[in-house]
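One-letter residues, chain by chain:
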Amino acid sequence: MGHVVLAFAERVLSPGDLAGLREQLWRSRTYLYVTPGPALVQRALEGFPPDVRALGERCPFHRYDARGGGGYWPDRNEIWLAAGVETYEGLRQVRLSACHELFHFVCWNEPRYRADEDRGFARLRRVLAQSREVMNAYPRYRDWITGSFLRQGDHANVVEYFADIPTNFRDVAELPPAIATHFAPLISGGPFSPDFDRDLIAEPYDLAAFQRSLSP
């Protein structure tokens, strides 16, 4: 019933009235609907390749008493997401938040992506450097980079970039070719590039340099 109420409120209320309803609910710390962790994992990964879904379903996924927030904790290899996301952020947002955190888990637990993370995402950063000159030909990706991702300040880092791409781009055709190939095993089920594991060593990582490499 709580899900029905939320869906109705999101559909018929103005943004101001919806915000007012949420504030009233928060005074009593009310959660109208909380998706159980296992169900949320399945819904968040719907449409991704079978091996990605199977890996994600191994992740311990907990909901906890808070209005918002959460994250993936690599030391415990588990996800905690606030119970209030559905009520106070939105029914669509809870899937996006879960999907984002799950791809942190996937990166940490898929051996080839984990190896790249362990060397400072050297392969991914090289792919981004190769893609800079062609990104204007991919307007949705370019607009997401300039209008959303880079506006996050310190949060616009390479770790968050990795999780954001499959969360926000379900069609690799919207991505520059080198980026599409890098993420194809996660998004479309495509193969890893033949040189994915070759000729790369760990490289120093600098946030400002990384952000400059994304700018068109």
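Here's a quick rundown of the structure.

Each value, and the rule that gives it
- Residues numbered from 1 in each chain as written.
- Predicted model: local features only at pLDDT ≥ 70, side-chain atom pairs only at ≥ 80, totals over all residues.
- Heavy atoms only, no water.
- Helix = DSSP H or I, 4+ residues; strand = E, 2+ residues; numbered from the N terminus.
- Buried < 20%, exposed > 50% of the residue type's maximum accessible area, 1.4 Å probe, protein only.
- Polar contact = N/O pair within 3.5 Å; in protein donor to acceptor, adjacent residues only side chain to side chain.
- Contact = heavy atoms within 4.5 Å.
- Axes fitted to C-alpha atoms, helices over the stretch in contact; angles between N-to-C directions.
- Parallel < 35°, antiparallel > 145°, perpendicular 65-115°, else oblique.
- Nonpolar A, V, L, I, M, F, W, Y, C, P; charged D, E, K, R; others polar.

## Re the side chain of Arg-22
Relative to the assigned elements, Arg-22 resides in helix α2 (residues 15-27). Note on Arg-22: relative accessible area 14%, which makes it buried. For Arg-22, the side chain forms a polar contact with the main-chain oxygen of Glu-89, separated by 3.4 Å. Filtering out sequence-adjacent residues up to four positions away, Arg-22 remains in contact with Glu-10, Arg-67, Thr-87, Tyr-88, Glu-89 and Gly-90.

## Some details on the packing of helix α6 (residues 91-109) against helix α7 (residues 111-118)
Two elements in contact, α6 and α7, have axes separated by 5 Å at closest approach and are oriented at 90°. The orientation of α6 relative to α7 falls into the category roughly perpendicular. Between α6, through Cys-107, Trp-108 and Asn-109, and α7, the contact on the second element is made entirely by Pro-111, Tyr-113, Arg-114 and Glu-117. Here the contact of α6 with α7 is composed, by residue class, of four nonpolar, one polar and two charged.

## What about helix α11 (residues 177-187)?
Counted residue by residue, α11 has eight buried out of eleven residues, so it is predominantly covered. What α11 keeps buried is the set Ile-179, Ala-180, His-182, Phe-183, Ala-184, Pro-185, Leu-186 and Ile-187. Contacts made by the buried residues of α11 are with α4 (50-56), α6, α7, α8 (122-131), α9 (139-147) and α10 (158-168). A positive backbone phi angle near 85° is found at Gly-189, which sits one or two residues after α11.

By themselves, these figures tell us nothing about what the structure is for.
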